[in-house]
Amino acid sequence: MSEQPEQPVPPVAREIGVPAMALIVLVGVSGSGKSTFARRHFGPTQVISSDFCRGLVADDENDQSATPDAFEMLHHIVGTRLRRGLLTVVDATSVQYQARQQLVALAKAHNVLVDAIVLDVPAELAVERNATRPDRDFGPHVITRQHKDLRRSLGKISRDGFRRVHVLRGAEIDNVTITLEPAWTDLRHRTGPFDIIGDVHGCSSELETLLSTLGYQDGRHPQGRTAVFVGDLVDRGPDTPGVLRRVMGMVEAGTALCVCGNHEQKLVRALNGRKVRVAHGLAESLAQLGEADPEFVTAATAFMDGLISHYQLDEGRLVVAHAGLKEPYHGRASGRVRAFALYGDTTGETDEYGLPIRYPWAEEYRGRAMVVYGHTPTVEPEWVNNTICLDTGVVFGGRLTALRYPERELVSVPAEQVWYEPARPLAGPPQRDPAALDIGDVRGNRFVETRFGGTIRIREENAAAALEIMSRFAVDPRWLVYLPPTMAPPETSRLDGYLEHPAEAFEEFAAAGVTRVVCEEKHMGSRAVAVLARTPEAAEKRFGVADGGAGMVYTRTGRPFFGALMGELVDGLRAAAEPLWAELGTDWLVLDGELLPWSAKAESLIRGQYASVGAAAGAALPEVVAALEAAAGRGLDVGSTLDRARRRQDNAARFRDAYARYCWPVSGLDGVRFAPFQILAAEGRATAVHQPHDWHLDLLARLDSPLIGPTRRVYVSLDSAESRDAAVAWWEAMTAAGGEGMVVKPVERPEGRVQPGVKVRGQEYLRIIYGPDYTESLDVLRRRFLGRKRSMALREHALGLEALSRLADGEPLWRVHEAVFGVLAMESEPVDPRL
Amino acid sequence: MLLTISTTHRPATDLGFLLHKHPDKVQEFSHSFGTAQVFYPEAGDERCTAALLLDVDPIRLVRSRGASSPDFSLGQYVNDRPYAASSLLASALAEVFRTARAGRCAARQELAERAIPLEIFLPALPCRGGAELAHRFFEPLGWQVEAVAVPLDESFPEWGDSRYVRLTLRGEVRLADALNHLYVLLPVLDDAKHYWVASDEVDKLIRAGEGWLAAHPARALITRRYLTRRTALTREALARLAEIGDDLEDALEPPIEEETPEASTEAEPLTGDPTGERLAGEAAAASPRPTPLNLLRREAVLAALDDVGARTVIDLGCGSGQLVGALLANRAITKIAGVDVSAHALTLAARKLKLDRMPEARRDRLDLFQGSLTYTDIRFAGFDAAVLMEVVEHLDPPRLPALERVVFGAAKPGHVIVTTPNAEYNVRYETLTGMRHPDHRFEWTRAEFRDWASAVAARYGYRVAYRPVGDDDPELGSPTQMAIFTAGDDDVRAA
């Protein structure tokens, strides 16, 4: 700690070190100065005192009857802090073994170290101090008893289970310096880059080849990279001493790190003369080391004995452990953590080869840190929830594999020969788990971090509604990699006869600093997301769906299109996408588009809702007109009612025309068209994020298939009135001919809270939305509230881009699903559905 | 929307006295949902016609009521309410002709008390259940019924008929009765109401139905529909999702099995649910009043649980909680969890089980929560037995492996009891076309069920036995099939 040269050297200077992440138990009688001591050395939230807890549960810090409840509260608070990885100091007398035992057990349950600091003051001093405190009304006998307990404790407190017991007496108490010692596992300040190397098992020659492939020259990388060994350097292979010599040299020189493997652990025991069963290649190591220089053997034993269970690296973003490590154990220290890191999470059972069955912890892993490990030989390393096993069984004739971090590149060299026969065949790639999703990934109030829209809150009740839709109606979540966001209209137009007009859209984007927008024809069909793979094998590799399917087309709430025709639709779209595979260097794609006609998907809605209203109007209004005409014929004054009835009859006819335009018969896929307007993602890139709209539209225009419909568009320079007028004229012509309208988008993705696009719908089309007679009530309809819709559009857009980015980055399914689920949940928010 | 009432009683203009509306005047009445007008297109001695015209502005209707209106179509601007004869018209009629409906007429009391020749015309009457239902409802009341279906859209003849009929009723009926018939039966035919059904609805029904409803052969259906209950907020959230998902409201009904409704108006009329009718049909298919299949199924599951000695049970897909209720009644079962993906179903279950009034000792044995068979869930683990009663057939086949993993792989109960329809037996249901429930994604034959069950058992280390549920037809098997899985002693793990 800091030096204090100016101050006089205190009579008794003491320096003690405690773990930076630990439970610290203060031990001392009432009045020994624990609270003052704690205040001086620790932060106010780090210290939990029994008096404070007594106050919490009894409104009186000295109410001894509340003591059992107070300690229950204290243990709860301490447990919560330890679970969250916070240094915690307990300020209670803890002079009795029982009290300390509970705290030690609590620390061990959370896999943190626990130190005791004993303040050993004379009983008389404590009594004197208590006497000056009016709130302490217990007599001196209490202190005397506590003091007796403490004296009894001091003899054997070192056997309580504390890592260390620091006893302070007299002036030491006031002059001690406390140093926080980082955990041995904590190398978060080392940011790499790293080359993490899998199980070597004495294959010295392959290790040398791999190191030079990685660019190391005599154990040193010219770009200053650091090698990290996942352990199991020894046993089975031909040259364990050679491997040890190389790794020890690199660790010594600071160019490598190494964690302990189960084979090192056992070899050390054997070398130290402990009785171990000589099996699994231990004999080879012992024989080889038997021929080595004894000094080297001593050094190697010390080296292996000093290896620790795991390392946290790169600000906690990377964890290396021999057999992997679940998230609650990252940075923790206990026998349990070490056993997990060395042997994995075993079930206690063994398989038909007599080897332990391992619990598939990686399938449940939800941590943010990448976990890289070895231990279980596999044929191909595969990412499972941001974890990867690098043991590719070089000693069994497989390969020696390294992972470049942060590049996420795998580098491997083949075994020169089979050095050792495996007890069981190497495992293939881990079975894709159909239920890789857990309820914890989606349930409750959630905060989803997004790259392009900050943290987005998903409310519990919305998640509950989405859970039902997702479970009952949506396609397999492995296909459901994206859901399109909602889109807002522009500010309401004041122009006579119009509710929406392009002028407001252009104005909005110009005000946001956008210079160029694209106006895309808005197709009146059903929004469709097409996930396509070049082959069923590519689908299995990328999406993990192994049922022979090569794609899926789904609606904006994730439901499949067309049941039985899906296969045909997917195959047609895959064929149509042929030019894109090579162009984008990908074997899968996600396309955003509109599926036409509207009636193909929505016929039941059209019949049940729109045509129904048309039928009722068609049946009723002529009778109303006839009855009013008869009354007028009798001389009754029904003039204005009759006029209105006639206008409504005309509106109803226009309404029927409006929906009928988007209905045409299809037979099978004959008549069905998909009009794509964006390539959302492909291998390695979220193109929706990084490419401007003209790139998408130009590329998609190259698709040539009867199944593909064009998306007409015009580009507008917002600083040119002529350019704007031309686009307005284009929109007017298109909507007059029955078109739905257009979508206006900034060509380049803008920064900040700018809408990704707004829709401008045509006059006649809006009858479908606002009813046949909406033109009679424009004044009322203009009072519509857009704020919520616009905010939702931004949030859903951010979630959508996040899902695509996670997909393109190869993040695990649950991470993609979390963002997609968020979009669906938001859609259950009550927002005027007509906007 | 329009309603005309004509009479050929002489002098026909006496209709003006009976209705308390002068034939030579146009009268306006203001309502919260629009304006009603009464006028007479014809008023001669031989024939007189009164017209009730209700002008509903759907936009104002939406704006004034907001989205929480119970009749979902009111939440839409695109709405048939301005044109069709619905509960809005019934309400307007009740108010505008209040005195006439009570059968009072100071000027012509004798006339008000006797049957006169009447003709009632509704150009667009929504009729859920088809024109046949209009006949079934009005004919027993002394009407001669002419109901012509209105085509949906003449430009799309393949779409067929709409749910509207052009209805003409002719008969010798007391005017007050005629008005009450319309007041009750318009919303019943429409099967939707524009206001929340409150407890006073029962009184209203009894008053309006005085003298004719009790003897009506379709009184059970009329009562159930009249007292329609639409529920809860979560449903609205779902409805919003359904709307953008291009789905009709019907598809949203959670696959909850209601108790088969008894043929009595007293039997809890408030539990009426659209699914009830269909199930009534299912049960009616077999001959004279057998035990309903859902009851047999529950008994079979309870017996199977008893046979395997389960003390803790999780009902995955508990619906409205019938099995959970039966399990609670058995004190040998110490822990019960009811899980459903539908929040609406859980609300129903909580209500039916009277969760808020349940004694603590019983309440402590029960846990009801929302969960999904798509996601592994730690809360599913640790039970002696899991029940999947009529659940698997509600999943798309590609989603079954996830269910298998969630239940057999992750939750790993000692026993799993699965029931599902036997598709072979469907030929026994004369009225059935297609599958037994609109939400069923498949129905298996016995061989298909056994193929699936034995593969699952092998993959996850279970043994499996089968039992019939219900009448065991020698050729077709039983209507419901059941598999009982038992975890093997040698706990084989998934490959």
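Predicted model, so just to flag it, every value in this text is computed and none were measured.

Basis of the calculations
- Residues numbered from 1 in each chain as written.
- Chains lettered and ligands numbered in written order.
- Predicted model: local features only at pLDDT ≥ 70, side-chain atom pairs only at ≥ 80, totals over all residues.
- Domains from an automatic or database assignment.
- Contact = placed C-beta atoms within 7 Å.
- Nonpolar A, V, L, I, M, F, W, Y, C, P; charged D, E, K, R; others polar.
- Helix = DSSP H or I, 4+ residues; strand = E, 2+ residues; numbered from the N terminus.
- pLDDT = per-residue confidence, 0-100.
- UniProt positions renumbered as here; feature names shortened; annotations may be inferred.
- Axes fitted to C-alpha atoms, helices over the stretch in contact; angles between N-to-C directions.
- Parallel < 35°, antiparallel > 145°, perpendicular 65-115°, else oblique.
- Left-handed = near helix turned anticlockwise from the far one by under 90°.
- Pairing = 2+ DSSP bridges.
- Core = buried A, V, L, I, M, F, W, Y, C linked by C-beta atoms within 7 Å.
- Buried ≥ 20, exposed ≤ 12 C-beta atoms within 10 Å, placed from the backbone.
- Arc of directions from axis to C-beta.

### What to know about the domain arrangement of chain A
Residue and element names in this part refer to chain A. What the domain assignment reports for chain A is domain 1 (14-181), domain 2 (186-414), domain 3 (441-477 + 786-835), domain 4 (489-523 + 711-782), domain 5 (525-595 + 672-709) and domain 6 (599-660). Taking only C-alpha atoms, the centre of domain 1 and the centre of domain 2 are 40 Å apart. At the interface, six residues of domain 1 touch seven residues of domain 2. Looking at side-chain class alone, the side of domain 1 that touches domain 2 contains three nonpolar, two polar and one charged residues.

### Quick notes on the interface of chain B and chain A
Between chain B and chain A, the residue contacts involve 67 residues of the former and 70 residues of the latter. Of all the elements, helix α10 (residues 233-244) of chain B adds the most residues to the side of chain B that touches chain A, at seven residues. Here the residues of the side of chain B that touches chain A are counted per class, giving 39 nonpolar, 13 polar and 15 charged.

### Topic: the confidence of the model for chain A
The predicted model of chain A averages 90 in pLDDT, with 96% of residues at 70 or higher. Residue range residues 1-5 of chain A is modelled with pLDDT below 50. Its contacts to residues more than four positions away, or to other chains, number three contacts.

### Quick notes on the UniProt feature "domain: Polynucleotide kinase-phosphatase ligase" (unreviewed entry) in chain A
Mapped onto the present numbering, the UniProt feature "domain: Polynucleotide kinase-phosphatase ligase" (unreviewed entry) falls at residues 465-830 of chain A. Across residues 465-830 of chain A one finds 48% helix and 14% strand; the C-alpha atoms that close the span lie 12 Å apart.

### Section: the packing of helix α2 (residues 50-58) of chain A against helix α3 (residues 67-83) of chain A
Residues and elements named next belong to chain A. For the pair α2 and α3, the least separation of the axes is 8 Å and the interaxial angle reads 110°. The angle between the axes of α2 and α3 places the two elements in the roughly perpendicular class. Crossing of α2 against α3: the hand is right-handed. For the pair α2 and α3, the contacting residues are S50, C53, R54, L56 and V57 in the first and T67, D69, A70, F71, M73 and L74 in the second. When the residues that make up the contact of α2 with α3 are grouped by side-chain class, the tally is seven nonpolar, two polar and two charged.

### A look at the domain arrangement of chain B
For chain B, the assigned domains read domain 1 (2-226), domain 2 (233-285) and domain 3 (293-487). Averaged C-alpha coordinates put domain 1 of chain B and domain 3 of chain B at centres separated by 46 Å.

### Digging into the sheet that holds strand β11 (residues 256-258) of chain A
All names here are of chain A. The five strands are arranged β11-β10-β9-β18-β19 in an open sheet whose pairing can be described as mixed. Each edge of the open sheet carries a strand with a single partner, namely β11 and β19 (409-414). If you compare each strand with its neighbour and ignore which way they point, the axes differ by 20° on average. Two strands pair when backbone bridges link them, and strand β18 (residues 399-405) and β19 are joined in this way by six bridges, in the antiparallel orientation. Opposite A402, over in β19, you have V411 as the bridge partner.

### Brief notes about the confidence of the model for chain B
Residues and elements named next belong to chain B. Residues with a pLDDT of 70 or more make up 80% of chain B, whose mean pLDDT is 81. Segment residues 66-75: pLDDT under 50, and 22 contacts once partners within four positions in sequence are set aside and those in other chains are kept. Of the regions scoring below 50 in pLDDT, residues 490-495 engages in eight contacts with residues more than four places distant in sequence or in other chains. Here the prediction assigns the complex a pTM of 0.76, and the interface score ipTM is 0.75.

### Remarks on the packing of helix α7 (residues 175-190) of chain B against helix α9 (residues 219-226) of chain B
All names here are of chain B. One can describe the packing of α7 onto α9 by two numbers: an axis separation of 9 Å at closest approach and a directional angle of 75°. The angle between the axes of α7 and α9 places the two elements in the roughly perpendicular class. For the pair α7 and α9, contact is made by V184, P187 and V188 and by I222, R225 and Y226, respectively. Residues that form the contact of α7 with α9 fall into these classes: five nonpolar, no polar and one charged.

### Some points on the nonpolar core
A620(A), V820(A), L93(B) and A124(B) are the most contacted members of the largest nonpolar core, which has 263 residues in total. For A620(A), the contacting residues outside a window of four places in its chain are M1(B), L2(B), Y83(B), A84(B), P123(B) and A124(B). In this structure, L211(A), M304(A), L403(A) and Y420(A) belong to the second largest nonpolar core, which totals 103 residues.

### Considering helix α23 (residues 693-700) of chain A
All names here are of chain A. Those residues of α23 that sit buried are H693, H696, L697 and L700. Considered in projection along α23, the buried side chains sweep an arc of 90° and stay on one side of the axis. On its buried face, α23 is in contact with β22 (516-522), β26 (673-682), β27 (713-717) and β28 (741-746).

### Concerning the pairing of strand β7 (residues 161-173) of chain B
Residue and element names in this part refer to chain B. Alignment of strand β5 (residues 116-126) against β7, held across nine bridges, turns out to be antiparallel. The residue of β7 that forms the bridge with E119 is R170. Relative to β7, strand β6 (residues 144-151) runs antiparallel, the two sharing seven bridges. Pairing of E146 across the sheet is with T168, part of β7.

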